[in-house]
Amino acid sequence: MFFMYMKIIDVNYKDDIFLALESVEISKASYFEANNLESELTDELPLFKGFFSTDDEKEKKVIIVTALIESEDQIDEFVKNLEASGLNLKEEPIFRLALMPVAKTIDPRKN
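Residues numbered from 1 in each chain as written. Predicted model: local features only at pLDDT ≥ 70, side-chain atom pairs only at ≥ 80, totals over all residues. Heavy atoms only, no water.

Draft legend 1. Structural detail: the packing of helix H1 (residues 14-23) against helix H3 (residues 72-84). Close contact between H1 and H3 brings their axes to 9 Å; oriented N to C, the two are set at 135°. Classified by the angle their axes make, H1 and H3 are oblique. Like other packed secondary-structure pairs, H1 and H3 cross with a definite hand, here right-handed. Where H1 abuts H3, its residues Asp16, Ile17, Ala20, Leu21 and Ser23 lie against Phe78, Asn81 and Leu82. Residues that form the contact of H1 with H3 fall into these classes: 5 nonpolar, 2 polar and 1 charged. (Axes fitted to C-alpha atoms, helices over the stretch in contact; angles between N-to-C directions. Helix = DSSP H or I, 4+ residues; strand = E, 2+ residues; numbered from the N terminus. Parallel < 35°, antiparallel > 145°, perpendicular 65-115°, else oblique. Left-handed = near helix turned anticlockwise from the far one by under 90°. Contact = heavy atoms within 4.5 Å. Nonpolar A, V, L, I, M, F, W, Y, C, P; charged D, E, K, R; others polar.)

Dropping the structure here:
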């Protein structure tokens, strides 16, 4: 079992990403909207304006998705599905994903 952490950088692709997650049976996920720290620093502290570039207002918003998944294969298939739909994941900053092994879970919904 793995813990998936995904930061959707380009929120315009939120629906595509959610559909691709469903297609590989990652449905018990949670998400929340967040602000990019880089844009917050440049807005709040003029000292940081030269370090980060935030030309677009939409760059301030991101979506964080978390889920427990059964195998790495689900993520491989998820990426294949997104690429098959026409997304260029190698060149466009659409999301960042991290997968971490889980040592133990307590989940009464599991048999």
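Draft legend 2. Region of interest: the side chain of Asp10. Following the sequence through the fold, Asp10 ends up in the loop between strand S1 (2-8) and H1. Once you skip the residues sitting within four places of it in the chain, Asp10 turns out to touch Pro93 and Ile94.

Draft legend 3. How the structure looks around the nonpolar core. Met6, Ile17, Leu21 and Phe78 are the most contacted members of the largest nonpolar core, which has 19 residues in total. When contributions to this core are tallied by element, the ones reaching two or more residues are S1, H1, strand S3 (61-69) and H3. Apart from residues no more than four positions distant in its own chain, Phe78 is found in contact with Met6, Ile17, Ala20, Leu21, Val24, Phe95 and Leu97. (Core = buried A, V, L, I, M, F, W, Y, C linked by side-chain atoms within 4.5 Å. Buried < 20%, exposed > 50% of the residue type's maximum accessible area, 1.4 Å probe, protein only.)

Draft legend 4. Region of the structure containing the pairing of S1. Where burial is concerned, the two faces of S1 differ: the one with Phe2, Met4, Met6 and Ile8 is buried and the one with Phe3, Tyr5 and Lys7 is not. Sheet topology places S1 next to S3; 7 bridges connect them, and they run antiparallel. The residue of S3 that forms the bridge with Lys7 is Ile64. (Pairing = 2+ DSSP bridges.)

Draft legend 5. Region of interest: a negative patch on the surface. Together, Glu72, Asp73, Asp76 and Glu77 give the surface a local cluster of negative charge. The topology assignment puts Asp73 in helix H3. (Patch = residues over 30% accessible without salt bridge, like charges linked within 9 Å, V, L, I, M, F, W, Y side chains within 5 Å. Areas by Shrake-Rupley, 256 points an atom, 1.4 Å probe, with all protein chains shown as cover. Salt bridge = Lys/Arg side-chain N within 4 Å of Asp/Glu carboxyl O. Lys, Arg positive; Asp, Glu negative; His and termini not counted. Charge placed at Lys NZ, Arg CZ, Asp CG, Glu CD.)

Draft legend 6. Geometry of the environment of Ala34. Summarising the element assignment, Ala34 is placed in strand S2 (residues 29-35). If sequence neighbours within four positions are ignored, Ala34 has contacts with Lys60, Lys61, Val62 and Ile64.

Draft legend 7. Region of the structure containing the sheet that holds S1. Strand order in the open sheet made by the 4 strands is S2-S3-S1-S4, with antiparallel pairing throughout. Two strands lie at the open edges of the sheet, namely S2 and strand S4 (95-101), each paired on one side alone. The mean inter-strand angle of the sheet, taken between neighbouring strand axes irrespective of direction, is 15°. Both S2 and S3 contribute to a ladder of 7 bridges, which runs antiparallel. Looking across to S3, one finds that Ala29 is bridged to Ala67.

Draft legend 8. Inspection of the pattern of salt bridges at higher detail. Using the criterion set out here, one finds 1 salt bridge in the structure. Here Glu83 makes a salt bridge to Lys90, at a shortest N to O gap of 3.4 Å. Lys90 gets classed as exposed once you look at its relative accessible area, which sits at 70%.

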